[in-house]
Amino acid sequence: MRSEDLPAADRFPWWCEQMAQDIVPSMVSSPHADDFRSVVTVAELGPVLLTTIDYPELRSVRSSVLVRRSDPERYGLSLLLANDLYIAQRDNESRLCPGNLLLHDTSQPMDTRALPGTGRGEMVMLQLPKSTLPLRQERLNPLLAQGISGGAGMSAVFARYIVGVAGAVGRGEVGDREAARLGEVALDLAAATLASYIEAEDRLTPETRRQALLARIETFVELNLPDPELTPATIAAHHHMSLGYLHRLFQPRERTVAAWIRHLRIERARADLADPRLRHHPVHALGARWGFPHAADFNRAFRAAHGMPPGDYRRQSLGTAVDAASMNG
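Since the structure is predicted, the reported quantities are computational estimates derived from the model, not experimental observations.

### Regarding the packing of aromatic side chains
- Inspection of every chain in the model, using the stated rule, returns six aromatic pairs.
- Ring plane angle 50 degrees and centroid distance 4.9 Å describe the contact between Trp15 and Phe36, whose orientation is recorded as tilted. On the criterion of sequence distance, the pair formed by Trp15 in helix 1 (residues 8-22) and Phe36 in the loop between strand 1 (27-29) and strand 2 (39-45) is long-range, its members being 21 residues apart. Like Trp15, the residue Phe36 is buried in the burial classification.
- Positioned over the ring face of Tyr75 is Lys130, at 5.2 Å from the centre of the ring.
- Directly above the ring of Phe250 sits Arg253, whose terminal nitrogen or CZ lies 5.1 Å from the centroid.

Listed below in structure tokens is the structure:
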């Protein structure tokens, strides 16, 4: 949903109404109210809502009167993507910067200000019904309106996950069948992230702990794909578990750990082979870039996955790309 699709005079009222419906009613003001430009994406993912918001400078105040009038009884766990944000709730107040996570509670008054900066503000928010979290409110209150680093531990895993899901939603790649499962995983990761800050991991269900561990493993693998020494044994050692336990974690999945790593590497290399910007890089170098140091191993694995050698795939893909570009030119 884009405010720019409306006449300028209707944009700000429309945005305020959308925020009241999709998040919570608040009193909103902005120096850009005469020509308010914003993009809002809302996706229902099973038990949670995922909301991505692009916005200019503004202030949003949720008073105690508005809380009494309407309260969906949710927590919002957001990742700030662009520009700074000031927020005050309960006894806490913070100025947050991109990369910070933010927890807010719809049941308590709140003052939020999107601060002026070099560009527009942007965030992705996961809205969590309180009834779905196994964590007590009094334990979470100290986290409200506090800047939580999204660059380490479970916070980094959660941030990486919701950015990926938001991107897939924006590209129209998430169908009804996948939406519920993605939401369940997002909820598990949010619970594990919050529990890690209040030392309440013992409150999590075994399934939530399992999902959080799998997500940590997935993030570790994706960040280390270029390393040819990345193997199931090194993954198990890094996460302080036995190799057998790692394999049991992946038993319900379509691929074994080793097959999954190989699949990811081949798909990353395939994307590079089809990228015109990398056309001058040798095929074997693109394989080595993704953990295939030996050209013969890369050729054999790629042919098994795609039915042709990587060089033929590149010629076919780039030929199609060149033809499409010339037709559009």
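### Details of the packing of helix 9 (residues 257-273) against helix 11 (residues 295-306)
- Interhelical geometry of helix 9 versus helix 11 gives an angle of 90 degrees and a closest axis separation of 10 Å. One element, helix 9, and the other, helix 11, form an angle in the roughly perpendicular class. Listed contacts from helix 11 to Arg262, Ile266, Glu267, Ala269, Arg270 and Leu273 of helix 9 are Phe298, Ala301, Phe302, Ala305 and His306.
- Counted by class, the contact of helix 9 with helix 11 contains seven nonpolar, one polar and three charged residues.

### Observations concerning the pattern of salt bridges
- Scanning the entire structure with this criterion turns up 18 salt bridges.
- Among the ionic pairs, Glu184 bridges to Arg181, the shortest N-O distance being 3.3 Å. In this pair, Glu184 and Arg181 both sit in helix 5 (residues 176-197), three residues apart, roughly one turn of the helix.
- Between Asp272 and Arg289 there is a salt bridge, and its shortest N-O distance comes to 3.0 Å. Of this pair, Asp272 sits in helix 9 while Arg289 sits in helix 10 (residues 283-289); the two residues are 17 residues apart in sequence, bridging distant segments of the chain.
- For Asp272, a relative accessible area of 9% corresponds to the buried category.

### Some details on the environment of Asp91
- Locating Asp91 in the fold gives a position in the loop between strand 6 (85-89) and strand 7 (92-96).
- Along the primary structure Asp91 and His263 are separated by 172 residues, whereas in three dimensions their C-alpha atoms are 49 Å apart.

### Considerations on the pairing of strand 2
- Direction of pairing for strand 2 relative to strand 3 (residues 48-55): antiparallel, over a ladder of seven bridges. Bridge pairing in strand 3 places Thr41 opposite Thr52.
- The loop that links strand 2 with its antiparallel partner strand 3 comprises two residues; one of these, Gly46, has a positive phi angle of about 60 degrees.

### Side note on the nonpolar core
- By size, the foremost hydrophobic cluster in this structure holds 42 residues, and its most contacted members are Leu50, Leu140 and Leu189.
- Taken together, the elements giving at least two residues each to this core come down to strand 2, strand 3, strand 5 (74-82), strand 8 (100-105), strand 10 (121-129), helix 4 (153-170), helix 5 and helix 6 (206-223).
- In terms of residue count, the dominant contributor to this core is helix 5 (ten residues).
- The contacts of Leu50, once residues within four sequence positions are left out, are Thr41, Val42, Ala43, Leu45, Val124, Met125, Leu126, Ile162, Val165, Ala166 and Val169.
- Leu264, Ala269, Phe292 and Ala301 belong to the second-largest nonpolar core, a separate cluster that totals 29 residues.

Rules of the game
- Residue indices begin from 1 for each chain and proceed along its sequence in written order.
- pLDDT decides what is reported in this predicted model: residues at 70 or higher carry local features, side-chain atom pairs at 80 or more are listed and counted, and totals for whole chains, interfaces and linings draw on all residues regardless.
- Hydrogens and waters are ignored; side-chain quantities use all the structure's heavy atoms.
- Stacked, tilted and edge-to-face are the three classes applied to pairs of Phe, Tyr and Trp rings, where Trp contributes its six-membered ring and a pair requires centres within 6.5 Å; stacked means planes under 30 degrees apart, edge-to-face means over 60, and tilted covers the rest.
- Counting from the N terminus, the helices are DSSP H or I runs at least four residues long and the strands are E runs at least two residues long.
- Residue exposure (1.4 Å probe, protein chains only): buried if accessible area is under 20% of the type maximum, exposed if over 50%, otherwise partly exposed.
- Throughout this description, the term charge over a ring refers to an Arg CZ or Lys NZ atom that lies within 6 Å of the ring centre and within 35 degrees of the ring normal.
- Note on geometry: axes are lines fitted to C-alpha atoms, helical ones only across the stretch in contact, with angles between N-to-C directions running from 0 to 180 degrees.
- If an angle is under 35 degrees, it is roughly parallel; if it is over 145, roughly antiparallel; if it lies from 65 to 115, roughly perpendicular; otherwise it is oblique.
- Any two residues having at least one pair of non-hydrogen atoms within 4.5 Å are treated as being in contact.
- For this classification, the nonpolar set comprises Ala, Val, Leu, Ile, Met, Phe, Trp, Tyr, Cys and Pro, the charged set comprises Asp, Glu, Lys and Arg, and every other residue, Gly included, is treated as polar.
- Whenever Lys or Arg places a side-chain nitrogen within 4 Å of a carboxyl oxygen from Asp or Glu, that contact is recorded as a salt bridge.
- Strand pairing requires that DSSP identify at least two bridges connecting the strands.
- Working definition of a nonpolar core: buried Ala, Val, Leu, Ile, Met, Phe, Trp, Tyr and Cys residues. They are joined through side-chain atoms within 4.5 Å.

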